[in-house]
Amino acid sequence: MSRSDTTLPSPHKIVVANWKMHGNLARNHTLVDGYLQGLKSLSQADVVICVPYPYLAQIQSLLSETHVAWGAQNLAKYEEGAYTGEVSAGMLCDFGAQYVIIGHSERSTAYCESDENIAEKFMMAKRHGLTPILCVGETLLEREAGVMERVVGKQLETIIRLFGGEAFANSIVSYEPIWAIGTGLAASAEQAVAMHQFIRDTVSAADKSAADTLKILYGGSVNPQNAVQLLNQQEIDGALVGRCSLNAEQFIKICQAVPENSVV
Ligand code: 13P
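First things first, this report covers the structure right here in the doc. (Residues numbered from 1 in each chain as written. Predicted model: local features only at pLDDT ≥ 70, side-chain atom pairs only at ≥ 80, totals over all residues. Heavy atoms only, no water.)

## A short note on the pairing of strand β3 (residues 69–72)
We count it as follows: Only protein chains enter the accessibility calculation, which uses a 1.4 Å probe. A residue is then buried if its area is under 20% of the maximum for its type, exposed if over 50%, and partly exposed in between. Elements are defined by DSSP. Helices are runs of H or I of four residues or more, strands are runs of E of two residues or more, and each kind is numbered from the N terminus. By the convention used here, strands pair only if DSSP detects at least 2 bridges between them. Consider the strands pointing away from the viewer: the crossover is right-handed when the path from the first strand over the helix to the second runs clockwise.
Because side chains alternate across β3, one face comprises the buried residues A69 and G71, and the other comprises W70 and A72, equally buried. Direction of pairing for strand β2 (residues 45–50) relative to β3: parallel, over a ladder of three bridges. In the sheet register, C50 faces β3, and the bridge partner there is G71. Following the chain from β2 across helix α2 (residues 56–63) to the adjacent parallel β3, one finds a crossover that is right-handed. Across two bridges, the pairing between β3 and strand β4 (residues 99–102) is parallel. Bridge pairing in β4 places G71 opposite Y99. In terms of handedness, the path from β3 via helix α3 (residues 89–94) over to β4 forms a crossover that is right-handed.

## A closer look at the nonpolar core
Note the cut-off: As used in this record, nonpolar core signifies buried Ala, Val, Leu, Ile, Met, Phe, Trp, Tyr and Cys residues forming a set joined through side-chain atoms within 4.5 Å. Contacts: residue pairs with any heavy atoms within 4.5 Å of one another.
Residues I49, L134, F168, I199 and Y218 are the most contacted members of the largest nonpolar core, which totals 75 residues. Not counting chain neighbours up to four residues away, the residues in contact with L134 comprise I102, I118, F122, L156, I159, F168, I172, V173 and S174.

## Digging into the packing of helix α7 (residues 148–163) against helix α8 (residues 189–206)
Describing two packed helices takes the angle between their axes plus the distance from one axis to the other. Definition in use: Lines fitted to C-alpha atoms define the axes, with helix axes restricted to the stretch in contact, and inter-axis angles between N-to-C directions lie between 0 and 180 degrees. Each helix crossing is assigned a hand: it is left-handed if the near helix lies turned anticlockwise from the far helix by less than a right angle, otherwise right-handed if that turn is clockwise. In this count, Pro and Cys sit with the nonpolar residues alongside Ala, Val, Leu, Ile, Met, Phe, Trp and Tyr, while Asp, Glu, Lys and Arg are called charged and the others, Gly among them, polar.
Where α7 contacts α8, the axes come no closer than 10 Å and their chain directions differ by 35 degrees. Between α7 and α8 lies a crossing whose hand is right-handed. For the pair formed by α7 and α8, the contact residues are M148, E149, V152, G153, L156, E157 and I160 on the first element and M195, F198, I199, T202 and A206 on the second. Of the residues that constitute the contact of α7 with α8, the class distribution is eight nonpolar, two polar and two charged.

## Side note on the site of the ligand
Filter applied, for reference: One heavy atom within 4 Å of a molecule or strand is enough for the residue carrying it to be called near that molecule or strand. Pairs of N or O atoms within 3.5 Å make up the polar contacts considered here, provided that, within protein, one atom can donate a hydrogen while the other can accept it, and that residues adjacent in sequence are counted only when both atoms are side-chain atoms. Here the open area of atoms and residues is found with the Shrake-Rupley method and a 1.4 Å probe, where only the protein chains shown may cover a residue.
Every residue close to the ligand is listed here: N18, K20, H104, E176, A180, I181, G182, G220, S221, L240, G242 and R243. K20 is positioned such that a nitrogen or oxygen atom in its side chain is 2.8 Å from an oxygen atom of the ligand. Within the backbone of G242, a nitrogen or oxygen atom sits 2.9 Å from an oxygen atom of the ligand. Summarising the interface, the protein chains cover 97% of the accessible area of the ligand, which totals 300 Å² for the free molecule. Considering only residue class, the shell around the ligand consists of three nonpolar, six polar and three charged.

## Some points on the environment of A167
Summarising the element assignment, A167 is placed in the loop between α7 and β6 (172–175). For A167, a relative accessible area of 5% puts it in the buried group. Residues A167 and N18 lie 149 residues apart in sequence; the distance between their C-alpha atoms is 23 Å.

As structure tokens, then:
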């Protein structure tokens, strides 16, 4: 069975904006207006905006009558309790979030998040009906040493070992090589495609039907120029965009790089 024969929540490629720790009420409003203006004539891609927690209420009110979805950039691995500063999955759902980024390298390195912690957050998102966007990727040293598949494999295997391959059904994995994030040096289409195939094969070996419904995005210095080649690859189901998502014109151009009639 080909991947397009399966029942997916949406057959479209998906472009996700990760605003990281940028924005304020006024700038967010202007940026979203710019997005919505440009996205009026775009039907070939699903679009999601992942905002800092304090702006979830604002993004909900700006997007609730539109076809653009929203999400957060992290969540707690606990349901609730005495966890000062944490934000639960239930709280994200209260503000209409449908997506949550999990295990971004900017968090896992700065806050020492283990693969086990990330796996627990992944499952917490799923239990609440949120679509997790799990970030995986290797450092430059790891790529130069040729161990990138071992590194990414271990990140996936932790979830498979703890929760089974079925956890990946209708989920999203984003391949974000750490050396490509914020450096202006994106992975080549060949490098990305090879890793995307490895990711799908790894999940498929654990649960074939889950792998068929998994979307695999590329993230790391995506811009309007390289998006054309990256998003035209059949193995690349979309993009996770940092810097260029802070400029409506550039973000729209990236969305427009998704080929018409492409299905995942
Ligand atoms: P840049 O697009 O700024 O490289 O960031 C990528 C990223 O980290 C998306 O999550």
